[in-house]
There are 2 protein chains.
Amino acid sequence: MTYSLMIHGGAGALEDLKYEAGESEFRTSLLEILAQGRQRLEAGASALDVVEFCVMLLEDNPLYNAGRGSVLNGQGQVEMDAALMNGSDLRAGGVTCIKNVKNPIAVARLVLEQGDHVLLAGEGALEFAQAAGAELRENDYFLTEARLKQLAEAQAAGRMTLDHERVKPGQSVGRAVGRALGQAGEPAIAQRPAPTEKLGTVGAVAMDRQGNLAAATSTGGLVNKRWGRVGDTPVVGAGVYADNETCAVSATGYGEQFLRTVFAKTLSDFVQFQGMSAQDAAQAAVDYLVRKVDGDGGAIVIDQAGRCGSAQSTSGLIRGWIEQGGEAVCKLG
Amino acid sequence: MTYSLMIHGGAGALEDLKYEAGESEFRTSLLEILAQGRQRLEAGASALDVVEFCVMLLEDNPLYNAGRGSVLNGQGQVEMDAALMNGSDLRAGGVTCIKNVKNPIAVARLVLEQGDHVLLAGEGALEFAQAAGAELRENDYFLTEARLKQLAEAQAAGRMTLDHERVKPGQSVGRAVGRALGQAGEPAIAQRPAPTEKLGTVGAVAMDRQGNLAAATSTGGLVNKRWGRVGDTPVVGAGVYADNETCAVSATGYGEQFLRTVFAKTLSDFVQFQGMSAQDAAQAAVDYLVRKVDGDGGAIVIDQAGRCGSAQSTSGLIRGWIEQGGEAVCKLG
């Protein structure tokens, strides 16, 4: 049986994605990771091993908002979320609000293998990681000059942003973070990022030569997010999902919208209940996201037939894929 | 338009449910809460207000594993999870691993109203609760003699349990908690509770006179659970879900299985894609839970037509309901 592999490095406005690092820098990085993933899949590695491996490489690259290079929360700290899922038996593992682990996705894998729990948060997750022998790093490892500047700008503007280094005057960025809490009765509107901001997350989906599917997603979350915020990334059915009977999904975007629409499971539903292909299901799920919550972001998907698909409501989605053993392809728009 | 209301106090083996508190004690408590919920719905209160109110009453009653009376984690502490969701706009709020708040569901409501985030964890969630003026309690408030004894027994037996005060020798309780972590490569089997154990959670679903749906769920989680464990309860699509186009769901059971199957969204899918009634969708979702992960637990649901339904894979599910303004009914089996 042949194999398929797809990876992503976040969604956002195309012009900004290109501005941030240059198209060629993203292409070089994606093609290198796809080549290494292909080697492993050809050698018979499991989809679960390969999605974990690819996401580790994305986490290690400060170009992406995950692992090293993660954005900073409102306290100036890196708090990371990651999860993965195995399509043959629905085993899953995730961590949220975890600090100081070099590769959150590797800790998520340890959670999956340990088997008692699916999702661990905060200090408890870090204690688990330490006991399990996960690689740790000091705070300095995660902090980059660009992220410190980005946080300072976001805080000066009194806003929470997703992942973008430049504040554009006059942008609609929703309600300020620091306003009064608990105004019961007032209809709350989920805070929206400026539409041109990059929504950083990384992810991978794969089908191995045994026909098994797996998905993995990892992120540093939102710039200036509240301490303890859990996004969609570590949540099965929101930012990640895999079931051999349907598809494997990794999502990226404004996490709260993906949690509220149970996005990754919704995408899988279009395969399960309506027999859609990966591409059609990705588009249907993004249409649903926009219709229900006016959502920003997108997803990559491989269906049970090994077909690759993706869709996004933003103009850009950094992604690359190998469909059924074919040529590696990269697209940003 | 008429209203409907349904509440639950956990799933488990029927003989154990009756043993723990006596059938009449549960019935009295459920009927009292239904009567108070009915008053509010008749007066025109929103479904969201009423599910929050009913769950607060369940949290305040030490009979149930939520709020006061929550089970203890492996460190002998109460860490609580809660979430609610509004079906008209998919707004949602949740807290996980939160300590010292009298009513986790009220903090979840503050998260929903504040609007920036959907889910907050641990110390960050507590800080939010304090800033928002939530009612706090010292540790002593939550601890009951019975829960301390239950934890001691669970730890002596080297096991993690769900919510049951008696250890039965020879029960199959899955893998011990304290074993070596991170045995990559070993196929992990999610730890199962003994089939006769009570799976404690509380929840409510409602349709108000405007035809809006809402759902709320709250729990202390698993006895002797790992510090920082996030179950299904605070996760939209797993332990709680509401969409005016389909139904409102509150689930209870072995949380990891409900996370892996995205249970509450799966139930809603049967309404959305197959046009099922509340009762048929509840049964179809429980059948799916059993088929996919051999899962233990159940759910209550009200569909967009105001019909009540429930199903469980355990022999018991403590529940009561008022369907379309009719008589209040309670069932334990």
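Reference entry: report on the structure contained in this document. Treat the numbers as computed from the prediction; the structure is a model and nothing was measured.

**Some remarks on the overall build of chain A**
Then, in step 1: On a plain count of helices and strands, chain A comes out with ten helices and 13 strands.
Then, in step 2: Burial analysis of chain A (333 residues in total) assigns 66% to the buried set.
Then, in step 3: Looking at chain A alone, contacts between residues at least 24 apart form 68% of all its contacts between residues at least 6 apart.
Then, in step 4: When the accessible surface of chain A is summed, it comes to about 10,100 Å², and 49% of that surface belongs to carbon and sulfur atoms.

**A closer look at helix α7 (residues 145-156) of chain A**
Residue and element names in this part refer to chain A.
Then, in step 1: Relative to the 16 Å expected for twelve residues at 1.5 Å per residue, α7 spans 17 Å between its end C-alpha atoms, a close match to the ideal helical length.
Then, in step 2: Buried residues of α7: R147, Q150, L151 and A154, and no others. One side of α7 carries all its buried residues, which in axial view fall inside an arc of 95°. In this structure, α7 carries E145, K149 and A156 as exposed residues pointing more than 90 degrees from its buried face.
Then, in step 3: G158 sits one or two positions beyond α7 and adopts a positive phi of about 65°.

**So, the sheet that holds strand β9 (residues 247-253) of chain A**
Residue and element names in this part refer to chain A.
Then, in step 1: As summarised here, the arrangement of the four strands in space is β8-β9-β10-β11, forming an open sheet in which the pairing is antiparallel. Single-partner strands in this sheet number two, and they are β8 (240-242) and β11 (308-312). Taking the axes of each pair of neighbouring strands and ignoring which way they run, one obtains an average angle of 10° across the sheet.
Then, in step 2: Two elements, β9 and strand β10 (residues 297-303), share seven bridges in a ladder whose sense is antiparallel. In the strand pairing of β10, V249 is matched with V301.
Then, in step 3: Docked against the sheet, helix α10 (residues 278-293) engages β10 and β11, running at close to 20° with respect to β11.

**Section: the packing of aromatic side chains**
Then, in step 1: Inspection of the entire model under this criterion finds nine aromatic pairs over all chains.
Then, in step 2: Considering the side-chain rings of F258 of chain A and F263 of chain A, the 4.7 Å spacing of their centres and the 50° angle between planes classify their relative orientation as tilted. As far as burial versus exposure is concerned, F258 of chain A and F263 of chain A are alike and both buried.
Then, in step 3: With a centroid separation of 5.0 Å and 90° between ring planes, the pair formed by Y141 of chain B and F142 of chain B is classed as edge-to-face.

The rules we used
- Residues numbered from 1 in each chain as written.
- Chains lettered and ligands numbered in written order.
- Predicted model: local features only at pLDDT ≥ 70, side-chain atom pairs only at ≥ 80, totals over all residues.
- Heavy atoms only, no water.
- Helix = DSSP H or I, 4+ residues; strand = E, 2+ residues; numbered from the N terminus.
- Buried < 20%, exposed > 50% of the residue type's maximum accessible area, 1.4 Å probe, protein only.
- Contact = heavy atoms within 4.5 Å.
- Areas by Shrake-Rupley, 256 points an atom, 1.4 Å probe, with all protein chains shown as cover.
- Expected span 1.5 Å × (residues − 1).
- Arc of directions from axis to C-beta.
- Pairing = 2+ DSSP bridges.
- Axes fitted to C-alpha atoms, helices over the stretch in contact; angles between N-to-C directions.
- Phe/Tyr/Trp six-rings, centres within 6.5 Å; stacked < 30°, edge-to-face > 60°.

Read these as spatial facts, not as claims about activity.
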